[in-house]
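# Structural characterization, general
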Amino acid sequence: QVQLVESGGGLVQAGGSLRLSCAASGRTFSDYNMAWFRQAPGKEHEFVAGITRAGGSTYYVDSVKGRFTISRDNAKNTVYLQMNSLKPEDTAVYYCAADRTYNSVRYHLHEYDYWGQGTQVTVSS
């Protein structure tokens, strides 16, 4: 069992920055590919960014490339999402997710073994 707790969300003006953190506990963190998803009101969960077990490869949805950066610290059992140049359309609940089943980063939340309760990000125009 893995517990994931997100933090760092909040209200920010367009153009601003936030850094989300996801602290994991329970099993060996480095066994898991990690990802961030988001869900805006009335929409499905959307893959935002993913990172492989050792942090060697990262993946992003096109809408955040160049603005968001995913990273991880396996010694601290934490994955991060640095979000810069935020836009109102980035407003959503952000979730981190963990997967140890697949070799590659997956793009659908149902393919992950665990995910957290989420943290709200609101970007005002």
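Residues numbered from 1 in each chain as written. Predicted model: local features only at pLDDT ≥ 70, side-chain atom pairs only at ≥ 80, totals over all residues. Heavy atoms only, no water.

## Re the sheet that holds strand β7 (residues 68-73)
The strand order β1-β3-β8-β7 describes an open sheet built from 4 strands, whose pairing is antiparallel. Sheet topology places β1 (3-7) and β7 at the edges, where each strand pairs with a single neighbour. The sheet shows a mean angle of 15° between the axes of neighbouring strands, direction not considered. Pairing between β7 and strand β8 (residues 78-83): 6 bridges, direction antiparallel. Looking across to β8, one finds that phenylalanine 68 is bridged to methionine 83. (Pairing = 2+ DSSP bridges. Helix = DSSP H or I, 4+ residues; strand = E, 2+ residues; numbered from the N terminus. Axes fitted to C-alpha atoms, helices over the stretch in contact; angles between N-to-C directions.)

## Concerning the state of the cysteines
The final tally for this structure, using the stated rule, is 1 disulfide. Put simply, cysteine 22 and cysteine 96 are joined by a disulfide, and their sulfur atoms are 1.9 Å apart. On the S-S bond that ties cysteine 22 to cysteine 96, the torsion sits near 45°, and the link is right-handed. Of this pair, cysteine 22 sits in strand β3 (residues 18-25) while cysteine 96 sits in strand β9 (residues 92-99), and the two are 74 residues apart along the sequence. (Disulfide = S-S within 2.5 Å.)

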